[in-house]
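Summary of structural features
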Amino acid sequence: MKIAITSEGETLESMVDQRFGRAAKFIIFDTESETFTVQDNTQNLNAAQGAGIQSAQNVVDSGATALITGHTGPKAFRVLYAGKISIFLSKKETVKTAIDQWKKNELTQITEADVEGHWI
């Protein structure tokens, strides 16, 4: 199974980015092999609009079935929901800590957007 995590950097020691659509990076973590890849999100970080929708489509296209992030707006949520991505919220922890919390079922799963669009 693959999990996408919003990240401020490129390692498991990076902090979970609290913004979804404008996250700096996505870490795609494979729970079976315990390996990860990094997807750059610069094009959406600087987008005038549509960052959440495009970022959500990138997560769907990555093959992830779960997402760990700080917050998700309504447009991104709709794309993720349609792509059958389970969404879990994490405080500002390291990516590794967030993954460990997810494995222990300690993260809150959301069933609707938790912030308005254009949240900063």
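Here goes a summary of the coordinates provided. (Residues numbered from 1 in each chain as written. Predicted model: local features only at pLDDT ≥ 70, side-chain atom pairs only at ≥ 80, totals over all residues. Heavy atoms only, no water.)

1. Considerations on the sheet that holds strand E2 (residues 25–30)
- With mixed pairing, six strands are arranged side by side in an open sheet as E3-E2-E1-E4-E5-E6. Edge positions in the sheet fall to strand E3 (35–40) and strand E6 (108–110), since each of these pairs with one other strand and no more. Strand after strand, the sheet turns through a mean of 25° between neighbouring axes, direction not considered.
- Both E2 and E3 contribute to a ladder of six bridges, which runs antiparallel. In the strand pairing of E3, phenylalanine 26 is matched with glutamine 39. (Pairing = 2+ DSSP bridges. Helix = DSSP H or I, 4+ residues; strand = E, 2+ residues; numbered from the N terminus. Axes fitted to C-alpha atoms, helices over the stretch in contact; angles between N-to-C directions.)

2. Some points on the side chain of threonine 94
- By the secondary structure assignment, threonine 94 is in the loop between strand E5 (86–89) and helix H4 (95–103).
- On the basis of relative accessible area, threonine 94 is assigned to the buried category, the value being 17%.
- Of note is the side chain of threonine 94, whose polar atom sits 2.8 Å from the side chain of threonine 97. (Buried < 20%, exposed > 50% of the residue type's maximum accessible area, 1.4 Å probe, protein only. Polar contact = N/O pair within 3.5 Å; in protein donor to acceptor, adjacent residues only side chain to side chain.)

3. Re the environment of tryptophan 102
- Relative to the helices and strands, tryptophan 102 resides in helix H4.
- With relative accessibility at 18%, the residue tryptophan 102 sits in the buried group.
- The sequence separation of tryptophan 102 and leucine 89 amounts to 13 residues, and the corresponding C-alpha distance is 9.4 Å.

4. Description of the nonpolar core
- Judged by nonpolar contacts, the single largest core of 15 residues is most densely connected at Ala4, Phe20, Ala56, Val59, Leu67, Leu80 and Ile87.
- Among the elements of the structure, E2, helix H2 (51–61) and helix H3 (74–82) are those that each provide at least two residues to this core.
- Ranked by the residues each element gives to this core, the list is headed by H3, at four residues.
- When sequence neighbours within four positions are dropped, the list of residues in contact with leucine 67 reads Ala4, Thr6, Phe20, Thr72, Leu80, Ile85, Ser86, Ile87 and Phe88.
- If you look at the next biggest cluster of nonpolar residues, it comprises 14 residues, including Ile5, Leu12, Ala66 and Trp102. (Core = buried A, V, L, I, M, F, W, Y, C linked by side-chain atoms within 4.5 Å. Contact = heavy atoms within 4.5 Å.)

5. Quick word on H4
- Within the span of H4, buried status applies to Val95, Ala98, Ile99, Gln101 and Trp102. The arc enclosing the buried residues of H4, seen along the axis, measures out at 160°, which places them on a common side.
- In the core, the buried residues of H4 are packed alongside strand E1 (2–7), E2, strand E4 (66–69) and E5.
- Backbone geometry just downstream of H4 places asparagine 105 in the positive-phi region, at approximately 60°. (Arc of directions from axis to C-beta.)

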